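# Chain and residue survey
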Amino acid sequence: MMTHTDLSRTPVEEAVQSPDPARLRLISVTVAVAALSLVTACSASPEEPASSEEGPGAAQTRTIDHARGETPVPDDPERIVVLEPVQLDTAVALGRAPVGAAVLDESTGAPEYLGDDVADLTTVGTVPEPDVERIAALEPDVILGTESRHSAIYDRLSDIAPTIFMETQADPWEENVKLIAETLGDAQGGRDLLADYRDRCEEIADEHDTAGETAQLIRPRDARLTLYGPISFAGSTLECAGFTIPDHDWEDISLDISPENVRSGTADLVLVTSIDAEDPTTMPEAVTQNSDAFEDVHLVDQSFWITGVGPLGGQVVLDDLDAILSER
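Residues numbered from 1 in each chain as written. Predicted model: local features only at pLDDT ≥ 70, side-chain atom pairs only at ≥ 80, totals over all residues. Heavy atoms only, no water.

### A short note on the environment of Leu255
Selection rule: Note on conventions: DSSP H or I runs of at least 4 residues are helices, E runs of at least 2 residues are strands, and numbering of each starts at the N terminus. Buried residues are those whose accessible area, probed at 1.4 Å on protein chains only, stays under 20% of the maximum for their type, while exposed residues exceed 50% and partly exposed ones sit between those limits. By definition, residues are in contact when any of their heavy atoms lie within 4.5 Å.
Within the secondary structure, Leu255 is located in strand 10 (residues 254–257). Assessed through its relative accessible area of 13%, Leu255 is described here as buried. When the C-alpha positions of Leu255 and Tyr228 are compared, they lie 6.6 Å apart, and in sequence the two are 27 residues distant. For Leu255, the residues in contact, after removing those within four places along its chain, are Leu225, Thr226, Leu227, His248, Asp249 and Trp250.

### Some details on the pattern of salt bridges
Stated precisely, the cut-off is as follows: In the sections that follow, a salt bridge refers to a side-chain nitrogen of Lys or Arg positioned within 4 Å of a carboxyl oxygen of Asp or Glu.
For the coordinates displayed, the defined rule picks out 16 salt bridges. Between Glu203 and Arg200 there is a salt bridge; the shortest N-O distance is 3.3 Å. Pair noted here: Glu203 and Arg200 are both in helix 8 (residues 187–208), with a separation of three residues, about one helical turn. Since its relative accessible area comes to 45%, Glu203 is described here as partly exposed. Of the residues examined, Arg200 reaches a relative accessible area of 17% and is grouped as buried. Residues Arg328 and Glu213 are paired through a salt bridge, measuring 2.9 Å at the closest nitrogen-oxygen approach. Linking Arg328 in the segment after helix 12 (311–326) with Glu213 in the loop between helix 8 and strand 8 (215–221), this pair joins segments that are 115 residues apart in sequence. Each of Arg200, Glu203, Asp319 and Asp322 takes part in one network of salt bridges that share partners.

### Regarding the sheet that holds strand 12 (residues 297–301)
Test applied: By the convention used here, strands pair only if DSSP detects at least 2 bridges between them. Note on geometry: axes are C-alpha line fits, over the in-contact stretch for helices, and angles between N-to-C directions span 0 to 180 degrees.
Strand order in the open sheet made by the five strands is 10-9-8-11-12, with mixed pairing throughout. In this open sheet, the two edge strands, each paired with only one partner strand, are strand 10 and strand 12. Averaged over all pairs of adjacent strands, the angle between strand axes in this sheet comes to 30°, irrespective of strand direction. One ladder, built from four bridges, connects strand 8 with strand 11 (residues 269–274); its direction is parallel. Bridging from a neighbouring strand, Gln216 pairs with Val270 of strand 11. Contacts from helix 12 reach strand 11 and strand 12 within the one sheet, and its direction differs from that of strand 11 by about 125°.

### Description of the state of the cysteines
The test is simple: Disulfide: a pair of cysteine sulfur atoms within 2.5 Å of each other.
Tallied over the entire structure, the rule returns one disulfide. Between the sulfur atoms of Cys201 and its disulfide partner Cys240 the distance amounts to 2.2 Å. Looking along the S-S bond of the Cys201-Cys240 disulfide, the torsion reads about 115°, which is the right-handed sense. Separated by 39 residues along the polypeptide, Cys201 in helix 8 and Cys240 in helix 9 (residues 233–240) bring together distant segments of the chain. Relative accessible area serves as the criterion here: at 0%, Cys201 is assigned to the buried category.

### A word on the sheet that holds strand 6 (residues 142–146)
Sheets are built from strands paired through backbone hydrogen bonds, the pairs being either parallel or antiparallel. If you walk across this open sheet you meet the five strands as 5-4-3-6-7, and the pairing is parallel. What marks the edges here is a single partner per strand, and that holds for strand 5 (122–126) and strand 7 (163–166). Ignoring strand direction, the axes of neighbouring strands in this sheet form an average angle of 20°. In this sheet, strand 7 lies alongside strand 6 in parallel orientation, the contact comprising four bridges. Its bridge partner being in strand 7, Leu144 is matched across the sheet by Ile164.

These values are about where atoms sit, not about what they do.
As structure tokens, this is what we get:
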């Protein structure tokens, strides 16, 4: 008896109903081709993006090379704590006023010349002895300090936030400004500030014809006098403005002398720091008693000639120097 194939059945169903070997091989090939097509289609479809710490919501960082090696810092730090005057000055100059700073004297706080930009600043101890607990309470996202002063607390600071250290406060201050600006994500801004400072130096040197003249800054300190050398903030600013600092056996940035040796601090222009530059009685007796050796001597404000290290302080010092030279 002849049988008729049911045309409504699929090949697979036909093979099941009629297990002919040739038909089974055909079905096997058909299934294999279909499976291969499915795999190829899946491979060609776009992959789901893998989760990554570099996604839009992740904090971006930069690696800073500093006195303690290499440390990643946020691209755009917002809560900044600084432990040195040059770091405070530079941060403010860049429009990045810190939330906290160590200061030279907590009773006086931040230098007055920084004005309202530090009105909301929280002090975190003194420059030589910062208070780690107060720093931690501010929840900073970057901390700046100095190896020569703060090495003993580096690990504790690093546990709080990425911490960047200058080598020493005695380094040329302009180099420290560059490191600070890089850490805060504005290296070009730091270069621009230093260029403005040098331009102002050149203006003063040209206007007052300072080339060939010597200048010396003297700071009265207890029973001694401190002379500031050419790599100090004040000394380098005087030299930037065209003066030459007299030769001495400098101890880093300065040299202490006894009042009896005050004549070794003479120069064409002598500047003596004071907490009140308007009060002539603050001039040291050692200077007034040797007036014949100090023909051109002036009191200057210690708050920026000594503690105003940085681009803003540099401009204030240059303005003061310009005023003094204009009265000659």
